[in-house]
Every structure is written in structure tokens, then in C-alpha cells.
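Structure assessment
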Number of protein chains: 2
Amino acid sequence: VGLEGVAIRGGFWGERLAVNAATSIPQGWERLHAAGNVANLEAAARGEGETRGEIFADSDVYKWLEAAAWEIARTGDEVLLRQQRELTAKVAAAQEEDGYLHTIVRLRGMPRYTELGWTHEHYCAGHLIQAAVAQRRGTGDTGLLDVAVRLADHLVRTFGPRASHALDGHPVIETALVELFRETGTAAYLDLAAWFVDARGRSTIGDHARDANYFSDRVPVRETTTPEGHAVRAVYLAEGAADVAVERGDADLLAALERQFAAMAATKQYLTGGLGSRWEGEAFGDPYELPSDRAYAESCAAIGGVQWAQRMLLATGDESYADQVERMLLNGVLPGVSLAGGEYFYVNALQVRGDAVPDDDRNPVNGRLGWFQTACCPPNIMRTLSSLGAYVATTASVDDVPALQLQQYVHGSVAAAGFALDVETDHPRDGRVLVRVREAPEGEAELGLRVPAWAVGATLDGEPVEAGLARIRRTWAPGDEVELVLPFAPRVVHPNDRIDALRGSVAIEAGPLVYAVEQVDLGDGAPVDDLRIDLDEPLLVGESDARLGVPTLLASGRIHRHGPDPYPGAVDAVAAGPVAIRAVPYFAWANRSVGAMRVWIPTD
Amino acid sequence: VGLEGVAIRGGFWGERLAVNAATSIPQGWERLHAAGNVANLEAAARGEGETRGEIFADSDVYKWLEAAAWEIARTGDEVLLRQQRELTAKVAAAQEEDGYLHTIVRLRGMPRYTELGWTHEHYCAGHLIQAAVAQRRGTGDTGLLDVAVRLADHLVRTFGPRASHALDGHPVIETALVELFRETGTAAYLDLAAWFVDARGRSTIGDHARDANYFSDRVPVRETTTPEGHAVRAVYLAEGAADVAVERGDADLLAALERQFAAMAATKQYLTGGLGSRWEGEAFGDPYELPSDRAYAESCAAIGGVQWAQRMLLATGDESYADQVERMLLNGVLPGVSLAGGEYFYVNALQVRGDAVPDDDRNPVNGRLGWFQTACCPPNIMRTLSSLGAYVATTASVDDVPALQLQQYVHGSVAAAGFALDVETDHPRDGRVLVRVREAPEGEAELGLRVPAWAVGATLDGEPVEAGLARIRRTWAPGDEVELVLPFAPRVVHPNDRIDALRGSVAIEAGPLVYAVEQVDLGDGAPVDDLRIDLDEPLLVGESDARLGVPTLLASGRIHRHGPDPYPGAVDAVAAGPVAIRAVPYFAWANRSVGAMRVWIPTD
């Protein structure tokens, strides 16, 4: 169900989207101007000038334009529409005669596409195309689509089996070209996307300092058993491959992607859904290499993960992918932006020590920051939130009976497959979802509600339902109601025996939320670094945090005082008196103060 | 006691030094020529030509020259002496009129010292000076010393409080200048070293992508409480600061270095002595951030650690620094070179998983390699082994009584403080050390033998001795014997409670050696990744490994089969039947085959 069929009007997600609209996107406009991204476009239009920012600076503008387009569709914001048109005109002016568009390559006088391993020329094109499709669909404007089509036609002339075989170091063009094919019907775009997917994995991407796996270029997509290398690149490539598989009916490719996703979920994904275990190369690690402290878990990687999972859900109907979307959105993407909307995490570690040194502006020890030299994450979060409605519902019909599946629970309305539904919920702050039918299709129809795997004991209209899709097939009438209750009782999660970094520790969750313990809730005399949880004591639901507006959990533990010897001959730690543990949802951490934090807590 | 007073003639270390002489150093000569480092010198002498290798390529030549000098002193090797003179002439020819010397900066036509954050101009100068002093002391030749003095004089004219305040991004010039001061008596060299030490830590070193702490430039040396950033840079700076402190009698500076070393040893050092927890920035991590799998523990960092510890031993007389030298030499430096002497580890991880992907030539999954694009480690190991004798003994007299302290146990002879001793030992393969007096000073004299902290139950001539320095003060005569017995019984080591990455695991040691379990010793049906050790079963000494020529340890364990869920709701692993564990010294790992390995083993 596209964005036209979903309205998010309140509840938890309504608040988040309001902040995105009121703060994040307007500040994004300012910061893109201040950082020089817009000046690059203006200089390129003139054909000369200094460049500012990183080689992929254009893409941040395009991601912002995509966010703006979805936001205009949501709210009809007039200021945003004016800004969209102003910026679109600047993009159009920066495009060259033959369709080529990349401000920094042009301004620096570099030959086109000769260093495609790092110039991000296709990457920028991909984000432009995505923004153009969003603008057309969301606002009806075709200004950016004209630019995108000219650029895509130029790419079709320049790359492919009978033209240049060069590949961009950073995928995204693949999924963008499929989207443009869907928008325009031009088969050449799909063909080029398919070429890019299949040409990759043959170690052809040259670069100064990076090995092939950094670029997802070591193993062809069809043979890849687990994603590796730079996490954002790997998942962006995978989502494009999923698009190609669906449009081509390519079962082999889809099966390869299912295997990859399963391997990632089983061995390379943080509890938060976060992807990428290494700072070095911003990469997936080896299987079960999942350190909390040095987790990279880039906000953009979680966004790519959400997009990949949603495509896999649509391609396979497997509800576990929708569970993944939920987990990654709430615990992987959402922590990337402050509750006030103006600051961002690039890196989403699951542990910060009390005496950690901030050695890099991406280091979470610094707290969230307003912008970054590499500013990929902020506008990526903006566009993800403004298009959140796209993840809410699907319409896979069964036996030709109209069918609507609610995949994510938001307060608002959903209209598709002949249904018009109002949904009342404060999910994920509460597990009750009330669905009220406003309009219903004629005759028998099916309403499906996703029951997440974590929701053991869930009920639908009072009857127990299993994880997966709870389906109700019947004749519907306006005024009908369905009530889903998802248990939000707190629970303890253990790590797989193979995850060395988490041995002897547990995490706590409630509903779809992963929780974290922050120093501010423990007090100075009880360092988070020395905390242990007592699993003999009950986990309890606490009061909602007044400042954060989020639920809390309560537990008991002890502080262990460690000895001075790093490697003693016997266990050397002394348990001190009990301490009350208060945990907040991970996405909300570092919104009061920035200090020590941990998701995984050693057991007492 | 300098190298002139120590001869290593057999036993464990004699074998290692023989391999260094027969294989490593001759191959180093070939590889420096093949890699272009020597061609850079030739081109610089002509004043033009292409450059090859990294910006610090000269330093590898100098480190090789230092190794050659110590080796010539040890063995009088004629081939090496000819090669030394040939290469020294090329270095001299590459030097500019005013003393400046850096081939790549010159050949690329870069302005001198304008990008000192990354050009390594002082770094190369430092290694040249060290090689020059070695050449003078070891071989009597002064060819390189002439070059070094001209270069040092140029530096004295160019840098300092009343000249340029620029600092090199990579320390080593500090310790080198103090050494040159000791060799020549020129106070200006010591003054410049002291200036470099004290000018640092004020965030003046600019670089494209690195923060000040990468360069040890965030906090002044005197105020630094724990080393941070790039590990090699941090320890090289610290050793230079220790030299300055000693020469200046600067108690404040020395106290600061003692605090730093203690903090490092307590919170930032691997069990192997390895330094540097992060690939990103090749850096020390935060305190207690010590992952086994992503340990960087660069061979060069352990070498710097040895040099720093030795300087602290000499400055303070604290025997724990000699324990550190022993630990780092055997478990941090020695694993960096293959037993056959031709291949090197750059990175010394404490764990490699069975399905690890080799993503970088430094990744230990590749096994040791013959050379690297950044080839700092191989010649650094060569010079460390060829100068090993320098760590063997000290002569701190007490109450004006002649005194000789044996700090490291090698088979061979030691002559100093009026003593001439023959030492019989196969340490670290055996804990027995027999010291026979060949010559003795007149009257009362003191012989000290270090008793390592790990050697609980040690005896000297049958009497129990405590950790520290076991002193015998008496009148000595030729033929006197002293026997030290250090217990090599295997022992279990636990991690400090704060080291999250090691929770629930133990390591095993015997004598000064850390042990590792390799897949080749477990067999294919029993993955190292799933191994757990049973601490209820005894640790035993195994037979010496015939291929490796090293002692082994035996233990018992079980294989645990982990479930598929990464984050199950309860502990999800099943113990399978018992498995025999055979462990080899960590330094010897990856000498039979390269596969999964771990030092820290989860407990059953």
C-alpha cells in the first residue's frame, strides 16, 4: 500500500513524524545550504567554482528532496513545496547537455566515470532518481523526473554489457533504476539495473585502499551466502537485487537473497537490528562478531535493512521480514535522530563506557550532532520517516479475495483493497491495536494483522493468535471492529552461544523495543560499567518517563567492584549492595544526558 | 648492559636469532630492493625519478640498516658488512646539501615540512639516527653517523622554540635524538628532543581525517593519564619522553610516564602484551576495550612497548617493567615472525573464527605474509631480535657495590660490572637457569636474578624466592654457580570483570608464555569456535611439538552446539562429548596451517 493509502495521524509515530516535519526537514534545508551542497549545484550550473564537502555531497540534497516530496504529500506544506521547486530548478541547471550530472566531478574537471570506485557518480544518480520518483508521486511535479530521465538515458547509453562495464563503488542505482522503470515503463532502466546487479562480485572495482569485499564485489550476488564488507553498500545492493528479482520473476536471484538475509539475521545483526560490526571499513564483521562497544550500526545501514526487508516481505509474503522492519525501524533507525529532531547519531553503539574518549565526530560518546562532514544519515532518516506510511500495509490477495494486511501498527487510517480502516494505537508504547472499519469491500474479504514473533500470548478479539499473520476472512461492514492485543510484558533475551562479545550477559525487551540502561538513571555511585542484573528478581514495567515520553522497565542488580589486575589468577570482583535498574527504550537514550550506557548487562 | 657485554649462543633465543640472521635479514635486503625503497634513495641522489611505496618508505631501509649493524656486531658477517656500506653510501648520496633527507618529499617536489602530520619526515630521520648510532656502536663505521649528524643539525636549525613549532605526526625522533646526544654529547639534540616531547599534546598537528588523539596530540605528555590513539605513535612518544626524563633528571615527567604505563598495563594491554584494540586508527581503545577477534596488537606496537618498558626499568629499577619486556617480547613481538623467519604478522589477533573472511592483507586470517605495502613490522622485528642482547642485563649498583642484574634469561654469556657469567637455559621452554661465574669482581659484589611475578614457587639454589629481584651479595670466585628454578606449571588466567569481550572465558599460560588453541590440533569435527574448557579437569604439560619445537599444554573441554536463534529467550546450547585440548604457545600459532584459533576459551 503506497503512501496515498496511509495516513499517520497521532500516537507514537504521529509525534515522530511531526518532529520530522517541524524540525528535522526545515533544519536540513538550512544545513545543506550552510554545508555547501547547494552551492556546489549553483557552481556546476555556472560551470565553475570551488567544491565543498565530500564527493557524494549531491546525494544529500537528493535525499532531502525525497523527504520533502513525501512530506508535501503528507501535509501539503507550502513552504516546502516552494523550496522543492527552487532546489529542483538548481539541480536541473546543474545537469549537463547529455544528461550527465555530478557537481564535484564536473567542477574538479575530473574525467567522468574513470574513478567510479569512489566518485559515487551512480550513487548520486540513484538518489536523484529516487527523489524524482518521490516528487512525481508525492507532489505531481515532474521537474526532477525530467532530470532523472535524461540522466538515466545517459546511463543507459554509457553502461551495460555492450558499453562500459564500470561499476560504482556504492550501490543504490540498482533499486533506483527499477523504481524509475516502474514509474516510466522504460524497460532499458530495468535491464541496466539487472546488469549492474549481475556484473558485480567479480572484483572489478578498483580503489586505492579497499579490497573487493568492501564494495560487495568479491562474490557475485547470486553466489553470496552472507553479506560482507561495507554494510550500507551491501544492503543497498541487496535491495536493488530484490527489485530486479521481482520485476524479472527471477526465482534464483530471490532465493539467493533469502539465504543472504537469513544468514545476516542469524549471525550479523545486532539485537537492535543494527548492521555493521566494524568501524574499519564500516563493515559487517565475521559471523557472530557483534561487539556492543564498537558496534558501527550506522543509521543508514538500518535504513537499507528496512528497505531490503520490506522488499523481501513483498516478494515472499514471509511475515518475519515485517518483524525485521519493525525491529530495525524502532531500534536501528529511530535512535539515529534525537527526540527533538535536530541531532543525529551516525553510529549506534550498544555500549558506551564511562571513561570513553570521543575520538571521532561519529563516536556516540559525543552524543548526537547536528550534521556531519559525511552527512548521509540525517537526510536519510528524514526521508525514511516521511515515507513511513509505505511500510504500514500490504495487499497480497489470496484466492482472488480482496485482502489487506496490516504490517506495522500506526495510529491513523489505511485505505486499500476496498477497505478504509481507522487504526487506534499507541504502539510501540502500548500493545493494544483497535481497527475500525469505515468502508469495506463487497462480499468476502480478508483482513490480516501481523502478530510479531515476540508477541507470545497475543490475542485477536480475545482469542489467542500465533506469530505470523492473523487472518480474518468474512464479509465486512462499516463499524466492524477488530482488537489485537500484543503482550508488552518485559522479557529477558540471551545471546547466542557463539557471540563472544555478549557472553554472560542478557538484554531486556518489551514489545518490539530493546531497552538500555543509562548512567543518568543509575546515579554516580553506581557505574553502568560495573552493573550486573539479578535475574532472580522480577522485571517490572515502570512509569512512563515524563521527559522522554517513553515507557520504562525496572529490574534489580548489583554493582561489582573489579580488582586492579587485568588478568588475575582467579575471579576477582566483589558484589556490592543491590541497586535498582531503570531502563529506557534504546532509541531514546542520550536524550537527557550523554554518558555510559549499555544494552547487554552481565548477569549477577 | 650493552650488546658488547652479552652473547646469545644457543637455546631458544639462539635459535630465533640464527633464523633472523640466516633468513629474515637477507630476505629483507631483497624485499627492500624489490619494493622500491632502495630505488627511491637512488632517485633522490639523482634528484629526480618516480617514487615507490608509502611516504615513510625510507624508514624501512633504516630499520634494516639498524638490524644489519647489530647483526654484524654479533657475528661479523662479511656479506652484511658489504651490504651495509653499499646502502649507507646510497643514503649519503640521497642527502641534500643542508642535511635534509627524505626521498619521497624531495622527489615529489613537495615543500619540506608543510604536511608534517603525515609526511613522516622526522619519523624517517629518527630511524636514520637510530641506525647510525647502531652502525657506529656495532660496527665502528661512521658513514651513517655523518649523515645523521648533518640531518640532526639541520633539524636543530629548523625546529624548536625559536624556530618552526611543527611536529611530526609519528614520533620516534625524540628517542633517536636522545640516543644521538648520548653518542655525540651534543646537547642541542637533547634539547630538541625535550622540545618535541613538551610541545606535543596541544592539538597542533593538522591532518585530513584524524583527530588529535590519533597523534598523541590531544593531551600534553605530562598530563596524559593513559596512552590513547595510534598505539605505535603513543608508545614511541612515551619511550622518547622517558629518555628525556632520564637525561634531564626530570622526575615530574618520569612520574607521568609511570602513571601512563600503569594505566596501560591495567586497562589497555592484551594478555599477550599486545597494544592497540582497534583497527580503526590502529588505536588503543577505551579502558577495558580488549576484544580478541579485532585485536590490532600491531607487531610494531609491542616493539615500542618493549622499548618503553626497558627504559622505565632502567629509570626506576622496578622489576615489573622487566616482566613486561619478557611478556611483550615472547607473546607480542615474536608471533610477528614465522618460525622459519620469512613471513610476518602485522596484526596479532587473539582469536580467529573458522569462517573469517580475509578482507585486508593485514588480517591474520591470511596467515603471515612476506611483506606489506606498509612494511614497518618486518624490519622492526629484525632490528629487535638482532639487538635482543640489550634487554638481558642491567648494572644498577647498590651502595657502590658492583652489581649485575640478569633481567631476561638467554643461553650465552654476560660480562659487566666485573662479572663474566655463562648462562645455561632453554628459557622460555624450560624454567631452569644455571649461572656460572667465569670472572668475578674483587671483593663483595651483587648478582641479581629477576623472579617474574608469574613464577610463584621459584627457588634460588633451592631456597624459595619472591617475585622481584633475588639478590645475592657476597664475594664471588670463578666456578661459582647459582641455579634459579622458575616453575612452569600450567595455570589458568581469568579476565578482569570489566573486560566485556572476555567474560566467561579463561586463558592458559605456563611460565612466561600465553597459549592458544588452533583448529589443526582439535580436528574438523570440533570447531574451535564452539570449544569450552572444563576447569574441573587438570591442565597438563604435553610433549614438545616436534614440528614447532615448542612445549604444549593439554586440557579437557567440550564442544557446545549453539542454536540457530541469535537472541533466544533462554540459554540455547547443548554440550556434546568431551574433547581433548592441545594448546601451543601463542607465538607459534599459524606455523603449521592457518585456521581458527583462540587464546581465551569459554568455560564449560
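These remarks concern the structure in this document.

Calculation rules
- Residues numbered from 1 in each chain as written.
- Chains lettered and ligands numbered in written order.
- Predicted model: local features only at pLDDT ≥ 70, side-chain atom pairs only at ≥ 80, totals over all residues.
- Heavy atoms only, no water.
- Helix = DSSP H or I, 4+ residues; strand = E, 2+ residues; numbered from the N terminus.
- Rg over C-alpha atoms; globule rule 2.2 N^0.38 Å.
- Buried < 20%, exposed > 50% of the residue type's maximum accessible area, 1.4 Å probe, protein only.
- Contact = heavy atoms within 4.5 Å.
- Areas by Shrake-Rupley, 256 points an atom, 1.4 Å probe, with all protein chains shown as cover.
- Lys, Arg positive; Asp, Glu negative; His and termini not counted.
- Charge placed at Lys NZ, Arg CZ, Asp CG, Glu CD.
- Least-squares fit on C-alpha atoms with pLDDT ≥ 70 in both.
- Axes fitted to C-alpha atoms, helices over the stretch in contact; angles between N-to-C directions.
- Parallel < 35°, antiparallel > 145°, perpendicular 65-115°, else oblique.
- Left-handed = near helix turned anticlockwise from the far one by under 90°.
- Pairing = 2+ DSSP bridges.
- Expected span 1.5 Å × (residues − 1).
- Polar contact = N/O pair within 3.5 Å; in protein donor to acceptor, adjacent residues only side chain to side chain.
- Salt bridge = Lys/Arg side-chain N within 4 Å of Asp/Glu carboxyl O.
- Buried area = accessible area lost by both parts, 1.4 Å probe.
- Nonpolar A, V, L, I, M, F, W, Y, C, P; charged D, E, K, R; others polar.
- Phe/Tyr/Trp six-rings, centres within 6.5 Å; stacked < 30°, edge-to-face > 60°.
- Lys NZ or Arg CZ within 6 Å of the ring centre and 35° of its normal.

1. Side note on the overall build of chain A
Along its length, chain A carries 16 helices and 21 strands. Against the globule reference of 25 Å for 604 residues, chain A gives a C-alpha radius of gyration of 24 Å, in line with a compact fold. Expressed as lengths along the three principal axes of its C-alpha atoms, the size of chain A is roughly 75 × 65 × 45 Å. The 604 residues of chain A split such that 64% are buried. Residue pairs in contact within chain A that sit at least 24 positions apart in sequence constitute 67% of those at least 6 positions apart. Summed over all atoms, the accessible surface of chain A reaches about 19800 Å², with 49% contributed by carbon and sulfur. Taken as two groups, the 54 positive and 86 negative side-chain charges of chain A have centres that lie 2 Å from each other.

2. Some details on the relation of the copies chain A and chain B
Note on the identical chains: chain A maps onto chain B by a rotation of 180° and an axial translation of 0.0 Å, with an RMSD of 0.0 Å. Classification of the inter-copy transformation places it as that of a two-fold axis. Here 100% of the interface residues in chain A have copies in chain B that are interface residues too; the copies meet face to matching face.

3. Concerning the packing of helix H8 (residues 143-158) of chain A against helix H10 (residues 187-199) of chain A
Residue and element names in this part refer to chain A. At a closest axis distance of 10 Å, the pairing of H8 and H10 adopts a crossing angle of 55°. Comparing their axes, H10 and H8 come out oblique. In this structure, the crossing between H8 and H10 has a hand that is left-handed. On the side of H8, the interface is formed by Val149, Ala152, Asp153, Leu155 and Val156, while H10 contributes Ala188, Tyr189 and Leu192.

4. Let's talk about the sheet that holds strand S12 (residues 481-485) of chain A
All names here are of chain A. Read from one edge of the open sheet, seven strands run S1-S5-S6-S7-S12-S9-S10, paired in antiparallel fashion. Edge strands, defined here as strands with exactly one partner in the open sheet, are strand S1 (6-10) and strand S10 (463-464). As judged from the two bridges shared by strand S9 (residues 459-460) and S12, these two strands associate in the antiparallel manner. Among the inter-strand pairings, Leu460 is bridged to a residue of S12, identified as Leu484. Where helix H1 (residues 11-35) meets the sheet, it contacts S1, strand S5 (411-416) and strand S6 (419-425), and its direction lies at approximately 90° from that of S1.

5. What to know about helix H11 (residues 231-248) of chain B
Residues and elements named next belong to chain B. An ideal rise of 1.5 Å per residue puts 26 Å on 18 residues; H11 measures up with 26 Å between its terminal C-alpha atoms. Across the 18 residues of H11, 15 count as buried, placing the element largely inside the fold. At the exit of H11 stands Gly249, carrying a positive phi of roughly 60°.

6. Some words on the sheet that holds strand S8 (residues 444-451) of chain A
Sheet strands pair by backbone hydrogen bonding; their relative direction is either parallel or antiparallel. Residue and element names in this part refer to chain A. Reading across the sheet, the four strands line up as S3-S4-S8-S11 and stay open at both edges, with mixed pairing between neighbours. Every other strand in the sheet has two partners, leaving strand S3 (393-394) and strand S11 (468-475) as the edge strands with one partner each. Across four bridges, the pairing between strand S4 (residues 403-406) and S8 is parallel. Residue Leu406 lies in a different strand from S8, and its bridge partner there is Leu449. Sheet strands touched by helix H14 (residues 319-333): S8 and S11. Its angle to S8, the strand with the most contacts, is close to 50°.

7. A closer look at the side chain of Thr552(B)
All names here are of chain B. Tracing the backbone through its elements, the reader meets Thr552 in the loop between strand S19 (540-541) and strand S20 (553-562). What makes Thr552 buried here is its relative accessible area of 0%. A distance of 2.7 Å separates the side chain of Thr552 from the backbone oxygen of Glu543, its partner in a polar contact.

8. Some points on the pattern of salt bridges
Pairs can form between side chains of opposite charge once their charged atoms are near each other. A complete count under the given rule lists 111 salt bridges over all chains for this structure. The shortest N-O distance in the salt bridge between Asp500(A) and Arg503(A) comes to 2.4 Å. In this structure Asp500(A) comes out as buried when scored by relative accessible area, which is 7%. Its relative accessible area of 10% is what places Arg503(A) among the buried residues. A salt bridge links Arg327(B) to Glu509(B); its shortest N-O distance comes to 2.8 Å.

9. Topic: the interface of chain A and chain B
Listed as interface residues are 61 residues of chain A and, on the opposing side, 61 residues of chain B. Between chain A and chain B, the buried area comes to about 5000 Å², and carbon and sulfur atoms account for 43% of it. Applying the counting criterion to the chain A and chain B interface returns 16 salt bridges. Note that Asp530(B) is salt-bridged to Arg498(A), the shortest N-O span being 2.6 Å. At the surface where chain A touches chain B, the tally comes to 31 residue pairs in polar contact (both at pLDDT 80 or more). Those elements that place two or more of their residues in the side of chain A that touches chain B are helix H12 (251-267), strand S13 (491-493) and strand S18 (553-562) of chain A. When the residues that make up the side of chain A that touches chain B are grouped by side-chain class, the tally is 26 nonpolar, eleven polar and 24 charged.

10. Some words on the packing of aromatic side chains
On inspection of all chains with the given rule, the structure shows 32 aromatic pairs over all chains. Here Trp279(B) and Tyr296(B) contribute two aromatic rings whose centre-to-centre distance is 5.3 Å and whose plane-to-plane angle is 80°, an arrangement assigned as edge-to-face. Residue Trp279(B) is located in the loop between helix H12 (251-267) and strand S3 (283-284), and its partner Tyr296(B) is located in the loop between S3 and helix H13 (299-316); the two are separated by 17 residues in the primary sequence. For the pair Trp279(B) and Tyr296(B), one class covers both residues: buried. Three or more aromatic residues link up through ring pairs in this structure, and these residues are Tyr100(A), Tyr113(A), Phe159(A) and Phe196(A). Its guanidinium or amino end placed over the ring of Trp476(A), Arg474(A) lies 3.9 Å from that ring's centre, counting from NZ or CZ. Sitting above the plane of the Tyr346(B) ring, Arg362(B) keeps its charged end 5.9 Å from the centroid.

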